[in-house]
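# Inside the fold
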There are 2 protein chains.
Amino acid sequence: MFEPPVQRLIDELARLPGVGQKSAQRIAFHLLNVEEADAIRLADAISDMRSSVKLCSRCFNVTADEECSICMDVRRDTSIVCVVERAQDIPVLERTQSFRGRYHVLGGAVSPIAGIHEEQLRIKELVARVEAEKIVEVIAATNPTLEGDTTAMVVARRLKPLGVKVSRLASGLPVGGDLDYADEVTLGRALSGRMEL
Amino acid sequence: MFEPPVQRLIDELARLPGVGQKSAQRIAFHLLNVEEADAIRLADAISDMRSSVKLCSRCFNVTADEECSICMDVRRDTSIVCVVERAQDIPVLERTQSFRGRYHVLGGAVSPIAGIHEEQLRIKELVARVEAEKIVEVIAATNPTLEGDTTAMVVARRLKPLGVKVSRLASGLPVGGDLDYADEVTLGRALSGRMEL
């Protein structure tokens, strides 16, 4: 119905999470009406991010370098590791200012329904780090959902034999919720009240 | 808080209509996690649209050519013109299959609050078309809002002296609504029940 280049952009936009057909149209026409430089800046931001951002070789956080800024920060406590499902959970935890260790990004949570099994998560990389980096405590900061809880149990089962302390974020987070939407205070409390598994 | 290339993309996404900070983060990380080709396709769709799409020299609809596909369609009735605020309103009207004339895109509506005066709209281009193209009827299909009604009145006042019939979309559209969200049946009824101003 729209001119082909406009329709193609609408189709691409409609693939994004939380963007329906109507929002995609609005955004496409917005991008058609703004200054060309503004539209191109968005296009460049997408390609720049894809070309410059990679995963930290240690913790799999996003980074522009070989290791991420947290892993390279010499002031961080290297004996404690906070395990998260996704890289975007790290800034949420950082904002609490309640954690000074390093992170480990699993790349998701165990979910038989979605076909995600523990072999697809970066659990063996975590085991290797615990063995190599003199880590004494691992905090499972997975989401307070069925999948997140299962993943925390899997992590605990794999790490306990190595003699490392494994804890889970305290309840206080609303059950069934999403870590990404937690406020700093609740999340800070959950961090300090974490309980050993 | 995020790596600079990621933060830059989040900032650009958050400028889009209907996209908040949180949605921008979700979309940015989605674009980080999908296949690189998928992300680049979106970036290319934005720049392609900006480089290939221009405005029809006759009606100011979006087009990849000198004139849009509607103006170039020889089967359309060239004696009747439907005046719309924005180019994205044209496909909505086309879907009703109730109109076989041509269009004219004003580029907005008169709004003293937003500082948009009639001189900034393409009204003199419309007057020139009515004089040059043997147009006998102009339908003001502006939004059923205060701004849209005002714009329709302005169009009528400027065209009446030329002896052209000027009509307005029939009420039936919910007052205060947005033409872009009307369903085909309501909009089709509004078209056939249009009243002379």
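Per chain, the residues get numbers from 1 upward, laid out in the order the sequence is written. Chain A is the first chain written and ligand 1 is the first ligand written, with later ones labelled in order. Restriction of local features to residues with pLDDT of at least 70 applies here, the model being predicted, together with a cutoff of 80 or more for giving and counting side-chain atom pairs; totals for whole chains, interfaces and linings are based on all residues. No hydrogens and no water enter the side-chain calculation; it runs on all heavy atoms of the structure.

## Notes on the environment of S51 of chain A
Residues and elements named next belong to chain A. Numbering goes from the N terminus for both helices and strands, where a helix is a DSSP run of H or I of at least four residues and a strand is a run of E of at least two. Assignment of secondary structure puts S51 in helix α3 (residues 36-52). For every residue, the accessible area obtained with a 1.4 Å probe (protein chains only) is divided by the maximum for its type, and the residue is called buried under 20%, exposed over 50%, and partly exposed between those limits. Here S51 falls in the exposed class, since its relative accessible area comes to 59%. Between the alpha carbons of S51 and A109 there is a distance of 26 Å; along the sequence they are 58 residues apart.

## A few points about the packing of helix α1 (residues 4-14) of chain B against helix α2 (residues 21-33) of chain B
Residue and element names in this part refer to chain B. Angles here are taken between N-to-C directions and fall from 0 to 180 degrees, while the axes themselves are lines fitted to C-alpha atoms, restricted in helices to the stretch in contact. Contact pair α1 / α2: the axes reach a minimum separation of 8 Å and the direction vectors enclose 130 degrees. When the axes of α1 and α2 are compared, the pair comes out oblique. Between α1 and α2 lies a crossing of right-handed hand. Here V6, Q7, L9, I10, L13 and A14 of α1 lie close against α2, whose contacting residues are Q21, A24, Q25, I27, A28, F29 and L31. Broken down by class, the residue content of the contact of α1 with α2 amounts to ten nonpolar, three polar and no charged. Small angles under 35 degrees read as roughly parallel and large ones over 145 as roughly antiparallel, with 65 to 115 read as roughly perpendicular and the rest as oblique. Take the far helix as the reference: if the near one is turned anticlockwise from it by less than a right angle, the crossing is left-handed, and if turned clockwise, right-handed. Contacts were defined at the residue level, with two residues in contact if any of their heavy atoms lie within 4.5 Å. In this count, Pro and Cys sit with the nonpolar residues alongside Ala, Val, Leu, Ile, Met, Phe, Trp and Tyr, while Asp, Glu, Lys and Arg are called charged and the others, Gly among them, polar.

## Describing the environment of L197 of chain B
All names here are of chain B. Here L197 is to be found in the segment after β7 (195-196). On the basis of relative accessible area, L197 is assigned to the partly exposed category, the value being 33%. Spatially, the C-alpha atom of L197 lies 55 Å from that of N33, the residues being 164 residues apart in sequence. Those residues in contact with L197 that lie beyond four places of it in its chain are A152, A156, K160, V166, S167 and R168.

## Side note on the interface of chain A and chain B
Taken together, the contact between chain A and chain B spans 55 residues of the former and 55 residues of the latter. Both faces considered, chain A and chain B share a buried interface measuring about 5,200 Å² in area, 65% of it formed by carbon and sulfur atoms. Think of a salt bridge as a Lys or Arg side-chain nitrogen and an Asp or Glu carboxyl oxygen that are within 4 Å of each other. Between the two partners, chain A and chain B, sit four salt bridges. Measuring nitrogen to oxygen at the nearest pair gives 2.8 Å for the salt bridge that ties R41 of chain A to E12 of chain B. Contributing elements (two or more residues each) for the side of chain A that touches chain B: α1 (4-14), α2 (21-33), α3, β2 (62-63) and α5 (89-96) of chain A. It is α3 of chain A that provides the largest number of residues to the side of chain A that touches chain B, a total of 16 residues. Each residue belonging to the side of chain A that touches chain B can be placed in one class, and the counts come to 28 nonpolar, nine polar and 18 charged. By buried area we mean how much accessible surface two parts lose on assembly, using a 1.4 Å probe and totalling the loss over both.

## Some words on the nonpolar core
Where a protein is soluble and globular, its nonpolar side chains tend to be buried together. What makes a nonpolar core is a set of buried Ala, Val, Leu, Ile, Met, Phe, Trp, Tyr and Cys residues whose side-chain atoms join them at distances within 4.5 Å. Core analysis: the largest hydrophobic core is formed by 90 residues, its most contacted members being L9, L31 and I46 of chain A together with L9, L31 and I46 of chain B. Among all residues touching I46 of chain A, those that are not within four sequence positions of it are L9, L31, A39, L42, A43 and I46 of chain B.

## Quick notes on the domain arrangement of chain A
You can read the domains of chain A as domain 1 (4-52) and domain 2 (75-168). Computed from C-alpha coordinates alone, the two centres of domain 1 of chain A and domain 2 of chain A are separated by 35 Å. The domain boundaries here were taken from an automatic or database domain assignment.

## Observations regarding the relation of the copies chain A and chain B
When the copies are superposed, the least-squares fit takes in the C-alpha atoms of residues with a pLDDT of at least 70 in both. Of the two same-sequence chains, chain A is brought onto chain B (RMSD 0.0 Å, axial shift 0.0 Å) by a rotation of 180 degrees. The transformation relating the two chain copies, once decomposed into turn and shift, fits a two-fold axis. Across chain A, the smallest distance between a C-alpha and the rotation axis is recorded for A43 of chain A, namely 2.1 Å. When you check the interface residues of chain A against chain B, 100% turn up at the interface there too, and the contact is symmetric in its surfaces.

## Points about the state of the cysteines
One covalent bond between the sulfur atoms of two cysteine residues makes up a disulfide. All names here are of chain B. Disulfide: a pair of cysteine sulfur atoms within 2.5 Å of each other. For the coordinates displayed, the defined rule picks out zero disulfides over all chains. For C59, which is in no disulfide, the shortest distance to another cysteine sulfur is to C68 and amounts to 3.7 Å. The closest cysteine sulfur to the non-disulfide-bonded C82 is located on C59, 11 Å from its own sulfur. For C82, a relative accessible area of 0% puts it in the buried group.

## Examining the pairing of strand β6 (residues 165-168) of chain B
All names here are of chain B. The pairing criterion is simple: DSSP has to find at least two bridges between the two strands. Note that strand β5 (residues 137-140) and β6 share four bridges and pair parallel. Bridge pairing links V138 to V166 in β6. Throughout, right-handed denotes a crossover for which the path from the first strand over the helix to the second runs clockwise when the strands point away from the viewer. The parallel pair β5 and β6 is bridged by helix α7 (residues 146-159), and the resulting crossover is right-handed.

## Structural notes on the side chain of T63 of chain A
Residue position: T63 of chain A is located in strand β2. Engagement of the side chain of T63 of chain A in a polar contact is seen with the backbone nitrogen of D65 of chain A, the distance being 2.9 Å. Those residues in contact with T63 of chain A that lie beyond four places of it in its chain are S52, V53, K54, L55, C56 and C68 of chain A together with E3 of chain B. Here a polar contact is taken to be a pair of N or O atoms separated by no more than 3.5 Å, where protein atoms must pair a possible hydrogen donor with a possible acceptor and residues adjacent in sequence count only if both atoms sit in side chains.

## Details of the pattern of salt bridges
Under the counting rule described, the total for this entry stands at 28 salt bridges over all chains. For R58 of chain B, the salt bridge identified is with E67 of chain B, shortest N-O distance 3.1 Å. Between R86 of chain B and D89 of chain B there is a salt bridge, and its shortest N-O distance comes to 3.2 Å. The class of R86 of chain B is partly exposed, set by a relative accessible area of 22%. For D89 of chain B, a relative accessible area of 0% corresponds to the buried category. Residues participating in the shared-partner salt-bridge network are R58, E67, R102, R129 and E133 of chain A.

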